[in-house]
Amino acid sequence: MNAKTFSAFSAPPPHWVVDAAFGAELAARLLKFVLEREPVFADTTIGNTANKFVRKSVRSSRATQDFGDLRAEVEARFRARLPAAISRLGLAPFALKGLSMELAAHGDGDFYHRHIDTFVASGPPRPDRILTGVYYFHATPCGFTGGDLRLHSLRSADDGGSHVDIAPKNDRLLLFPAWAPHEVRPVSCPDRDFGQSRFAINCWYLGKSV
Ligand SMILES: O=C(O)CCC(=O)C(=O)O
Ligand SMILES: [Fe+2]
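Residues numbered from 1 in each chain as written. Chains lettered and ligands numbered in written order. Predicted model: local features only at pLDDT ≥ 70, side-chain atom pairs only at ≥ 80, totals over all residues. Heavy atoms only, no water.

Naming follows an unreviewed UniProt entry, where the chain appears as 2OG-Fe(II) oxygenase of Sphingomonas suaedae. Quoted verbatim from the Cofactor (unreviewed entry) heading of the UniProt record, the comment on the chain is "L-ascorbate". (UniProt positions renumbered as here; feature names shortened; annotations may be inferred.)

**Topic: the coordination of the iron ion (ligand 2)**
Donor atoms from the polypeptide that coordinate the iron ion (ligand 2) comprise His 115 (NE2), Asp 117 (OD) and His 182 (NE2), at 2.0 to 2.2 Å from the metal. Donor residues binding the iron ion (ligand 2) come from one chain and are separated in sequence as H-x1-D-x64-H. With Asp 117 in the loop between strand 8 (111-115) and strand 9 (128-137) and His 182 in strand 14 (residues 182-184), this residue pair connects regions lying 65 residues apart in the sequence. Comparing Asp 117 with His 182 shows no difference in burial state: the two are buried. (Donors = N, O, S within 2.8 Å, 3.2 Å for Na, K, Ca; no water. Helix = DSSP H or I, 4+ residues; strand = E, 2+ residues; numbered from the N terminus. Buried < 20%, exposed > 50% of the residue type's maximum accessible area, 1.4 Å probe, protein only.)

**With respect to the side chain of Thr 44**
Within the secondary structure, Thr 44 sits in the loop between strand 2 (42-43) and strand 3 (46-48). For Thr 44, a relative accessible area of 5% translates into the label buried. Only 2.8 Å separates the side chain of Thr 44 from the side chain of Ser 61, close enough to count as a polar contact. Those residues in contact with Thr 44, other than ones at most four positions away along the chain, are Val 54, Arg 59, Ser 60, Ser 61, Arg 62 and Ala 63. (Polar contact = N/O pair within 3.5 Å; in protein donor to acceptor, adjacent residues only side chain to side chain. Contact = heavy atoms within 4.5 Å.)

**Some details on the environment of Ala 50**
Positionally, Ala 50 belongs in the loop between strand 3 and strand 4 (51-53). Sequence separation between Ala 50 and Val 120 is 70 residues; the distance between their C-alpha atoms is 8.7 Å.

**Concerning the nonpolar core**
The nonpolar side chains of a soluble globular protein tend to be buried with one another. Ranked by size, the top nonpolar core spans 36 residues in total, and within it Val 74, Phe 78, Tyr 135, Phe 137, Leu 175, Ile 201 and Tyr 205 carry the most contacts. Going through the elements one at a time, strand 1 (16-18), helix 2 (24-35), helix 3 (71-80), helix 4 (82-89), strand 7 (96-106), strand 9, strand 13 (172-177) and strand 16 (198-207) are the ones with two or more residues in this core. For this core, the element with the highest residue contribution is helix 2, accounting for 6 residues. Setting aside residues up to four positions removed in sequence, Val 74 forms contacts with Phe 22, Leu 30, Phe 67, Met 101 and Ile 201. The next biggest cluster of nonpolar side chains, apart from the first, holds 12 residues, and it includes Leu 149, Leu 151, Ile 166 and Phe 176. (Core = buried A, V, L, I, M, F, W, Y, C linked by side-chain atoms within 4.5 Å.)

**Overview of the sheet that holds strand 11 (residues 149-152)**
Taken together, 5 strands build an open sheet; the order of strands is 5-8-14-11-12 and the sheet is antiparallel. Unpaired on one side and paired on the other, strand 5 (59-60) and strand 12 (163-166) mark the two borders of the sheet. One ladder, built from 2 bridges, connects strand 5 with strand 8; its direction is antiparallel. Its bridge partner being in strand 8, Arg 59 is matched across the sheet by Tyr 112. (Pairing = 2+ DSSP bridges.)

**Points about helix 4**
Those residues of helix 4 lying buried are Leu 82, Ala 85, Ile 86 and Leu 89. Looking straight down helix 4, one finds that the buried residues subtend no more than 100° of arc, so they occupy a single side. For helix 4, exposure combined with an orientation more than 90 degrees from the buried face picks out Pro 83, Ser 87 and Arg 88. At its buried positions, helix 4 is contacted by strand 1, helix 3, strand 7, strand 9, strand 13 and strand 16. One or two steps after helix 4, the chain reaches Gly 90, where phi turns positive at roughly 70°. (Arc of directions from axis to C-beta.)

As structure tokens, then:
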């Protein structure tokens, strides 16, 4: 292998940060939506579609797949970014099978340890996650600290690897390949009010299996 190939293992994975991504008006509607729905947020799980379980030592947060009337609008916003994301991240073009979305809240002490987002479909036709999009929103002023999304190189830190931290700013969209190792750094939200949580929409762009 040449030097360029080796340096790709030590550099943080490709990523694209878009600020003012969905617009302040939609961010505000999303915040209003989640504040009215705290009871439908349930403990998040890890594993694949056939074998899901809560494991608070690995992933601590709450989420819902209920987007109410906002689903179509949110989906359209994510879909609109796909062509540019493919070219900016240097991904091979893929046939989009659909999007899978989740609305997540990280409150005081919540985090998600280092992981990758691929290989979650357990059976045929096994549509796989190719690209991860995360859209952040929160109350103003921001009621939490921490919660950066850390993207890791494939090579580990003690072997010359590196990472980059992306702050979960209101109305910010982050896109990265679903195979990229990443984690959510711990959130501190001292007044423990749900409305002060670090809110995010996870969107996985699913490729058709071949
Ligand atoms: O909230 C984030 O920044 C990312 C969450 C995540 O990595 C996941 O749900 O797979
Ligand atoms: Fe993830």
